[in-house]
Amino acid sequence: MESTLRRTWAEIDLDALAHNYHTLRRRVGPNVKFLGVVKADAYGHGSVQASRLLQELGADYLAVSSIDEAEELRRGGITMPMLILGYTPADQVGKLIDLQITQAVTSAEAARAYSAAAVCHGGTLKIHIKVDTGMSRLGFQCAGALFDGAVAAICDACRLPGLDSEGIFTHFAVSDEEDEESHRYTQGQFDLFCRCIAAVEEKLGRPFALRHCSNTGAVAHWPETYLDMVRPGLLLYGCGEFAEELGLRPVMTLKTTVSAVKDYAPDTSISYGRRFVTSRPTRMGVVPYGYADGFFRCLSNNCALLTPQGLAPVRGRICMDMCMIDLTDLPGVQVGDEVEIFGAHNSVNDLASAAGTISYELLTAVSKRVPRIYLRGGKEIGRELLLRF
Ligand SMILES: *Cc1c(COP(=O)(O)O)cnc(C)c1O
């Protein structure tokens, strides 16, 4: 790993993560629980390290997307409650119970299969009921004429043996969008969710302990949706359009190094496909960051990386393992200089919008050969590299 370290690496600022957590905690207030979403290896930041910190800081719950992600956290010493948002096959229920992992239940069939498996295992599976209020992905569909059937099916699921229905949740489709139509849609989803909860609780004769729906957009702009627990992901990592307005800090800074500098005459074509041709004497740097590290090839000729002297435009096609940056106007930049790809000074949001995508995609694309360096109090406290040695 030492050998790959000075190539391209991701610095994970755990102080920024703590700052973001405390800031969001203050925002939601003392009566709302906090679930940190750490799926997809904590959005590329490293889920074990991120979860350890959230556990230490007193977060109430974590969420992951699969049983493998949950198991990785249990093996990493994370003991706090943990919810799997996605699908788990019923034959894994014994393991869920043994590892004390909570499972989302998204349909009547899944509820019956989990119940049978839990009874067979001789234990109780903690579940959160997932309600589809308009995301049209997973969950009990409850809009319009389907409402009464959904309420009945959710009640049936909650009464099955071997299941402990601790929570109920839904997911917003456009809580991060500002236009009036999106606003109406989110309000509609929330109202439907509340009506569904009320009907189910009335029929069951008991309340759910944890009702939750606030993702990043809702934590930022929909305080009335906090209910018992909020469920942000991206905000924790300090990225996206709302992070800045809430005073959050980016946790990941992705860095690389100038590995070569060369001079070219005018009229020289650069890289595959000859998509950039120099128009003047040009000083070009090579950095070892390419699409196999998580760069997006569609950013060729369409973004800039931050050198110690300022922004250097990326020139020509981005390659698998490297790309070229124009240093003609940055004569002070030398071989060995650090370059920030995105992070504390060069926002991932800018790179994402240049690529026509969202920061989520750039963060989770940072590949396994990029080492993660964990920093706390300005000191390195850990390193991880996901390559198999
Ligand atoms: C990913 C996810 C979240 C977190 O979304 P952000 O936009 O990152 O806050 C919350 N809930 C569910 C169900 C998710 O899948």
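On a predicted model such as this, the values are computed, not experimentally measured, just so you know.

A. Here's a closer look at the pattern of salt bridges. For the coordinates displayed, the defined rule picks out 18 salt bridges. K126 is the partner of E166 in a salt bridge, and the nearest nitrogen-oxygen pair spans 3.7 Å. Residue E166 is found in strand β8 (residues 163-170), and its partner K126 is found in strand β6 (residues 125-132); the two are separated by 40 residues along the sequence. A salt bridge links R184 to E181, with the nearest nitrogen and oxygen atoms 3.2 Å apart. Linking R184 with E181, this pair stays in helix α9 (residues 180-204), spanning three residues, or about one helical turn. Via salt bridges that share partners, R7, D293, D321 and R369 belong to a single interconnected network.

B. Layout of the packing of helix α8 (residues 147-158) against α9. Orientation of α8 relative to α9, taken along the N-to-C sense of each, is 50 degrees, at an axis distance of 9 Å. Comparing their axes, α9 and α8 come out oblique. In the packing of α8 onto α9, the handedness of the crossing is right-handed. Mapping the contact onto sequence places F147, V151, A152, I154, C155 and C158 in α8 and L192, R195, C196, A199, V200, K203 and L204 in α9.

C. Layout of the packing of aromatic side chains. Taken as a whole and judged by the stated rule, the model has four aromatic pairs. The aromatic ring of F208 is capped on one face by R206, whose charged end is 5.5 Å from the ring centroid.

D. The arrangement of the nonpolar core in detail. Counting 120 residues, the largest nonpolar core has L125, I129, F295, L305 and F342 as the members making the most contacts within it. Taken domain by domain, this core gets at least three of its residues from each of domain 1 (32-237) and domain 2 (252-384). Filtering out sequence-adjacent residues up to four positions away, L125 remains in contact with V93, L96, I97, I101, Q103, Y114, A118, G162, L163 and D164. Counting residues in each nonpolar core, the second largest holds six residues, with I270, F276, C319 and M324 among its members.

E. View of the domain arrangement of the protein chain. Each domain of the protein chain was delimited in the assignment, giving domain 1 (32-237) and domain 2 (252-384). Using only C-alpha atoms to locate each centre, domain 1 and domain 2 end up separated by 38 Å. The partner domain 2 presents 11 residues to the 10 residues of domain 1 that form the contact. Surface buried jointly by domain 1 and domain 2 totals about 990 Å² across both partners, of which 56% is contributed by carbon and sulfur atoms. The largest per-residue losses of area from domain 1 upon contact with domain 2 belong to H45, Q49 and L234, which jointly make up 49% of the total buried on that side. One can count one salt bridge joining domain 1 with domain 2. For the salt bridge of E56 with R376, the shortest nitrogen-to-oxygen distance reads 2.7 Å. Linking domain 1 with domain 2 are three residue pairs in polar contact (both at pLDDT 80 or more), by the criterion used here. The biggest single contributor to the side of domain 1 that touches domain 2 is helix α4 (residues 47-57), with three residues. Here the residues of the side of domain 1 that touches domain 2 are counted per class, giving four nonpolar, five polar and one charged.

F. Molecular detail of the layout of surface pockets. Taken as a whole, the largest pocket encloses approximately 780 Å³ of empty space. When contributions to the lining of the largest pocket are tallied by element, the ones reaching two or more residues are α3 (39-43), α10 (216-221), α11 (241-245), α12 (348-354) and α13 (359-365). With three residues, the top contributor of residues to the lining of the largest pocket is α12. The residue makeup of the lining of the largest pocket includes at least three contributed by each of domain 1 (32-237) and domain 2 (252-384). Estimated volume of the second largest pocket: approximately 210 Å³.

G. Just the environment of L73, in detail. Position of L73 relative to the elements: it lies in helix α5 (residues 67-75). We classify L73 as buried; its relative accessible area is 0%. Residues L73 and Y114, 41 residues apart in the sequence, show an inter-C-alpha distance of 22 Å. Residues within four places of L73 in sequence aside, it is in contact with V38, S47, V48, S51, L62, V64, I78 and M82.

Parameters at a glance
Residues numbered from 1 in each chain as written. Predicted model: local features only at pLDDT ≥ 70, side-chain atom pairs only at ≥ 80, totals over all residues. Heavy atoms only, no water. Salt bridge = Lys/Arg side-chain N within 4 Å of Asp/Glu carboxyl O. Helix = DSSP H or I, 4+ residues; strand = E, 2+ residues; numbered from the N terminus. Axes fitted to C-alpha atoms, helices over the stretch in contact; angles between N-to-C directions. Parallel < 35°, antiparallel > 145°, perpendicular 65-115°, else oblique. Left-handed = near helix turned anticlockwise from the far one by under 90°. Contact = heavy atoms within 4.5 Å. Phe/Tyr/Trp six-rings, centres within 6.5 Å; stacked < 30°, edge-to-face > 60°. Lys NZ or Arg CZ within 6 Å of the ring centre and 35° of its normal. Core = buried A, V, L, I, M, F, W, Y, C linked by side-chain atoms within 4.5 Å. Buried < 20%, exposed > 50% of the residue type's maximum accessible area, 1.4 Å probe, protein only. Domains from an automatic or database assignment. Buried area = accessible area lost by both parts, 1.4 Å probe. Polar contact = N/O pair within 3.5 Å; in protein donor to acceptor, adjacent residues only side chain to side chain. Nonpolar A, V, L, I, M, F, W, Y, C, P; charged D, E, K, R; others polar. 1 Å grid on protein atoms, 1.4 Å probe; cavity = no way out; pocket = protein on both sides within 12 Å on 5 of 7 lines; lining within 4 Å. Points joined across faces, edges and corners; volume = space filled by probe spheres on them.

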